[in-house]
Every structure is written in structure tokens, then in C-alpha cells.
Amino acid sequence: MSLLTKAHESGSDAQARTGSTVLDMVLRFRALGLLLTLAAIVAVTAAVNPRFVNEQSIRDLLLAAAITLLLATGMTVVVLTRGIDLSVGSVLGLSAFCTASLLSENPGIPVPVAMLIGLGIGAVCGLFNGMIVHLGKVPPLVATLGTLYVFRGVVYFIAGGGRINASDMPGGFLDFGTARILGIPYLIVIAGVVLAVVAVFLSRYRAGRDMYALGSSPEAARLAGIPAGKRILTAYILCGALAGLGGVLYAARYGTVDASAGYGMELDVVAAVVVGGVAIFGGSGTVVGAALGAVLLTVISNALPVLSIDQFWQRAIVGALILGAIALDRLVGLRVKASLRKKDAHVG
Amino acid sequence: MSADTLTGRGAGRFRLQRFATWDVAIILATLAVIVIAAATVEHFGTSRNAGFLVLDLAPILLLALPMTLIIATGEIDLSVASIVGLTSSAMGVMWNNGVPLETIMPLCVLIGAILGAVNGLFVTALGLPSLAVTIGTLALYRGLAYVLLGDTAVADFPRQFTGWAIGNIGATSIPNVLIPMIVIAGLFAAVLHAMPVGRAIFATGSNPVAAAFAGIAVGPLKFWLFVVSGAVAGLVGVFWTLRYSSARADNATGLELTVVAAVLLGGVSIFGGTGTLPGVLAGVVLLTSLQNALRLASVSSEALTVVTGSLLIVSVLAPNVLVGVRTSMQRRRRRTRSPSPT
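Computed from a prediction, not measured in an experiment: that's the story for all the values here.

Quick notes on the overall build of chain A
Point 1. Within chain A one finds 14 helices and four strands.
Point 2. Over its C-alpha atoms chain A spans a radius of gyration of 21 Å, differing by no more than 12% from the 20 Å that the globule rule assigns to 348 residues.
Point 3. Judged by the C-alpha coordinates and their principal axes, chain A covers about 70 × 55 × 35 Å.
Point 4. Looking at chain A as a whole, 47% of its 348 residues are labelled buried.
Point 5. If you take every contact in chain A between residues at least 6 apart in sequence, the share linking residues at least 24 apart comes to 80%.

This is the structure in C-alpha cells:
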């Protein structure tokens, strides 16, 4: 606790001394920029078709965003530590298929238990990733590119070309995919709660701050006594577990699950995280930003048909957004650095 | 340690270690796979299958060549398969609009080079990590491929061209594409291992700052490597389209993973600075012949995915584990041999 207050003090100190306000501005500007973009797209689309903003379609939109948002939350933690997890789409597929087939065989399993099973499957996959990255010293990109293949292969192996239809799954589970509490679908509530918990974890808890430290400078973090291995394993397990949970929600929402569930989803998730202002080389960014990125991507793909733009543009737009976001970050970063240097020169 | 290097025994071990490198191991493994597959898998050893193997191998091999150079500088290009898809789509659209194939083919290579140049500009002019940039262009170029062709296919390419792509030289069973493949591979090998550019590539990969101080134009070097990578991907796009006589937006989807896996399997360090082209060639042959043999042995394509993924991880994991074991063994040996501090 004392550490936290101390950090706070030195933070305000730094604000007075150097140009930390500029950084703050940039970060706030990022969230603001995302919100403005969101508002602009929604406004234009609503002008074309007012039904785009009625209650039902907003609910559909958030439902569609919920799973990406969940995965983006986990991905943020991994990216903060200077890692990446490309296997999330495959983990989602594995968890979705396993829980769906388990439920079709044992209809009596209550929903929370199904969710725990999905979480567990994902956590094991995440642990596997984390061990290869930390103990095997394999670069995260390569390790998770490999497990992207391996986990997907395992799903195909289990599924063997089959699929599980909505009629095979217990009704209670499928109802859960659409049920609401106070008018808000459960899926959105779950995604929101996870987002809030991880946001608090990252900003208020020591282990969470360690993630940032590891990403800013792994060497300095290690010298400062941060248990790097433990934190990195935590990040990958968390990311895997959330992808596993996403798989359960996927099964509940879509009802039909085959071996290709979540195929290629890692791109959308990485895009959401990067567009949301999380630095791809770690150390900076928030889950709230990543969540905004996920919502923005979903809004864009939902707005395309309303604006009668070919659905085929969606992928290209995702790519362009990734490029735009990282280029913008770079340019802003350079400017901040330059202004910091100028301020430092004044002080000196 | 110093005593060891002074004695002849130490020197002997050193020489032995030089031969026990990763690329020699991988070449031996490749030979082993081919021999075992030929002996145990029916039809693997036939000249007909060898021809198919070469056709399967061609796109991966061609893409692996510039990928080796890029990874050796410490960068990566994940957009190559999407460039293949986009040039394939572009080829279909141009053919539909009555452009002759003789014009289309060089144009496709040019388009590939331009797409590569976009990657290169983002990486060098803006100083962005190539991993992030090429994940972005992976989505962007594939998306543009869909924008161009949608989910339709263009399949009415003239026989004369599609026949050449899958045909053999005269009456032999040597595929037409083998000769250009060998020439291009030789060219890349010469550049990497026998020319100053190759030394500059390795120097950049081991330490970009030191390389820049040594007078190497690191930025332009990387930029042109991305351009070459794009151009080769454009060429592969043409070959892929003609080979399957079908221009589709989803051509070669996911191929970048196989290419990266082959390159890393071939002993190129993902951190840059080391690697050899013979090793990479062996990696490509190992991966494709293993897939081919497993497919012939009617192992499901799902198992193939697991094999590719595992090989990718193992190819990086194994050297790390070996180094770890070796250092811990050396440490133990030193401790037992010299109880007094030196």
C-alpha cells in the first residue's frame, strides 16, 4: 500500500517536473479519439438507417462485441508484458467444442460448471504457452504461432469433421446465451465484470503493475526483483483462461459449434488491442482502451451492411486500422519524446 | 576452458562441434525422413509423387528464400501469403478484363514488389516493428484480395500456361518449375553467403546499431528486402494461380505459417544474425516431404497441422534446451575439475 502511495507521489512530482502531462493528454486523447470515431460511425450509420441505434440492435452489437472484448482483455495483459498470444482463436475453438460436446453428453451440467470447465481448458492451454515462452525461452510470437496450429489440430482431432448442433445441447445452456438480467444479456455482464476486474488488477495491484514494468524494461524489472517467470506465466494463463471462457460463451451464443469455431479470431483480437492503444512492444496501454477497440471493430463490421458497403471490405478495414493505429502511436510517441527533451533542456 | 583450447584435444572437439551444427542435423533428418518414407509409405518413392512433391514445395521454397534474409536481419514478414492471394486476385481481375497473360505476369510481380515496399516503408521510414506491421498488412492485403474478387473464382486461364506450371520437361519426369526454382535458390544463396550484402544482412541481424556504425545502410537494406519478398510473393501468386488454374482471394491462406516454420526449422535464429540457406532448403524439404508422406499414409490433415505447429516450436525450443544443457554441464564439469578459484 505504501508503495502505491509512493508511486503516486513520485508521479505527481514527475508531472510538475517533466512533461508527463503531455503523456496524460495523449492517453486521454486516445480514448477520446476512439470515442469520437465510434460516435461518428454510429451517427453516419444511424442517419442512413435509424434502426441501427434502436435498443435491439445496440444489444446485438454489444453481444457480438462481448466475446472479442473478453479475449482482448486477456490479450492486453500478455501484450503489456511484451508478449503476444496468437493461439487465442484456437483455444476458443478447443474450449467451445469440448464444453459443447460435454454438455451434449451430460445435459445435467449447470451453466457455471460449464464455464469453469471452459476456463480450465483455456488455463491449461495458457499454461502450456507460458511454459514454452518462459522456460523454453521461445519468442512468444513463434511459440503461440506454433500452438495456434497445435490447438487447432487437437480440435479437428476431437471433432473429426463432426459438429454439435443446438438441438444436441441442453436448453438451459442455450437460454443462457440469450438470457438477460435487468435487460442486459448475461454475456455482456460477464464481459463487463471481467473487464472491470482485470482493469483494477492492472492498475491497483502489485502483480498488475509488474506486468507494465516487465513490458517497459524486462532487464530493469528483473533487477528490481520482480518475479518475471511467475508474472509471465500468470499473463498467459489469464489470457488462455479468458479465451476458454470465450469459447463457452461462443457455444452458448451460437448454439452450433464445429472444429473451425474462432478460426482467425486472433487477428480481430490483436487488432482490437492495438487499435485500443496498447503498445505492441509492451509497457503501456489499458484494458479499457482495448475494450473500446473491440467495440469499434464490431461497430464497423455491423455498420458495413447498413451503409451497403461490401462485407468483403471488413478484413481490409481491420488491417488498415492496425496499421493506422501503430503508425499514429509511433508519430505521437516521437512528438512526446521531442517535447520531453525540450522540457528537460529547460530544467537543466 | 583456456587450457582446453590450448590442447589438441580441445581443438579436436571444436572441429567436431563445427560439423554437429543445426543445419547438418536438419539435412540428416531430411534424408532420414525421405529414406524412411520411401521404404515404408507406398507410392512415396514414385517419380510421379516426386513431381507432385516439387510442385507442393515450390511456393514454400520460393517464399522461404526472402523470408530467410528478412529473419536474418531480425525482422519478419507475415504478409507473404496475403500478397500471394492479392496478386492471384489481381491476376483474375486483369484476365477477366482481357489483359494478355504475358502482360499480367510481370505486372503481378510488380504489384507484389509495391505491396512489399509498403511493408518496408512502414518498417524503415516509421521505425515500426515489422511483426505488427505485417500482421496489419496480412489482414489488409487479404481483405483487398476479397474486395477485388469476392468469393468468386477465375478459372479460364489458357491451357498453354496452366499446362506449363504442372508439366514436365520434355518426356522426363522433371517438373518445369524445378529449373527456375534451383536458379532462384542459387541466386539467394550466393547473395547471402558470398556477397557483401549477405554479410551486411547478418551484421544487421546480430546488432543493428553496430552495423549502422560500421557503415551499413540498415534502413535501405531492410526496405529492399521487403520489396524483394513482395516481388517473390507476387511471382508465387502467378505460379499458384496457374498451378491450380484458379484465381481466388483465399489462395495460399495461412501459408505464411508454414514458411516461417520451415525457415526456423532450417536453423535461422528468430532473433536474427544467424542461419544458412542450405539449412533452410533442408527445412523446406523436410516439412513438405513429411506432410506429403503423412498424407499418402492417409494420416488426417488435422494431424498435419499438429505436426507443423510442433515442428515450429521444437525448432526454436530444441537449440535453447541444448544450449541450456550444455552450459549447465560445463558449469558442473568446471566445478568438479577445478575446486580452487582460477
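Side note on the interface of chain A and chain B
In many analyses, interface size is given as the accessible surface area lost on bringing the parts together.
Point 1. Contact residues are listed per partner, giving 40 residues for chain A and 35 residues for chain B.
Point 2. Elements represented by at least two residues in the side of chain A that touches chain B include exactly α6 (140-159), α12 (265-275) and α14 (313-347) of chain A.
Point 3. Sort the elements by how many residues they give to the side of chain A that touches chain B and α6(A) lands first, with 14 residues.
Point 4. Here the side of chain A that touches chain B is composed, by residue class, of 29 nonpolar, six polar and five charged.

Description of the nonpolar core
Point 1. Counting 196 residues, the largest nonpolar core has A:L71, A:V274, A:I322 and B:A64 as its most contacted members.
Point 2. Ignoring anything within four residues of it in the chain, the contact list for B:A64 reads B:V259, B:A262, B:V263, B:V280 and B:V284.

Overview of the packing of helix α5 (residues 80-96) of chain B against helix α12 (residues 218-243) of chain B
Residues and elements named next belong to chain B.
Point 1. In the contact formed by α5 and α12, the axes pass within 8 Å of each other and the chain directions differ by 55 degrees. When the axis of α5 is compared with that of α12, the two are oblique. Our pair here, α5 against α12, has a crossing hand that is right-handed. Taken together, the residues of α12 that come into contact with α5 (itself represented by V80, I83, V84, T87, S88 and M91) are S229, G230, A233, G234, V236, G237, V238, W240 and T241.
Point 2. In the contact of α5 with α12, the residues fall into eight nonpolar, seven polar and no charged.

Regarding the environment of A:F151
Residues and elements named next belong to chain A.
Point 1. Within the secondary structure layout, F151 lies in helix α6.
Point 2. Assessed through the 29 C-beta atoms surrounding it within 10 Å, F151 is described here as buried.
Point 3. Residues F151 and I67 lie 84 residues apart in sequence; the distance between their C-alpha atoms is 19 Å.
Point 4. Dropping the residues within four chain positions of it, F151 is found in contact with S87, S90, V91, L94 and C125.

Quick notes on α5(B)
Residue and element names in this part refer to chain B.
Point 1. End to end, α5 covers 24 Å across 17 residues, agreeing with the expected 24 Å (1.5 Å per residue, within 8%).
Point 2. For α5, the buried fraction is high: 14 of the 17 residues fall into the buried class.
Point 3. Immediately beyond the C-terminal end of α5, within one or two residues, lies G98, with a positive phi of roughly 80 degrees.

Details of unusual backbone geometry
Point 1. The backbone of A:R82 sits at a positive phi, close to 75 degrees, despite the residue not being glycine.
Point 2. Mapped onto the elements of the fold, A:R82 is located in the loop between α3 (55-80) and α4 (88-105).
Point 3. The phi torsion at B:H43 lies on the positive side, around 70 degrees, for a residue other than glycine.

What counts and what doesn't
Residues numbered from 1 in each chain as written. Chains lettered and ligands numbered in written order. Predicted model: local features only at pLDDT ≥ 70, side-chain atom pairs only at ≥ 80, totals over all residues. Helix = DSSP H or I, 4+ residues; strand = E, 2+ residues; numbered from the N terminus. Rg over C-alpha atoms; globule rule 2.2 N^0.38 Å. Buried ≥ 20, exposed ≤ 12 C-beta atoms within 10 Å, placed from the backbone. Contact = placed C-beta atoms within 7 Å. Nonpolar A, V, L, I, M, F, W, Y, C, P; charged D, E, K, R; others polar. Core = buried A, V, L, I, M, F, W, Y, C linked by C-beta atoms within 7 Å. Axes fitted to C-alpha atoms, helices over the stretch in contact; angles between N-to-C directions. Parallel < 35°, antiparallel > 145°, perpendicular 65-115°, else oblique. Left-handed = near helix turned anticlockwise from the far one by under 90°. Expected span 1.5 Å × (residues − 1).

No statement about biological role is implied by the geometric values presented.
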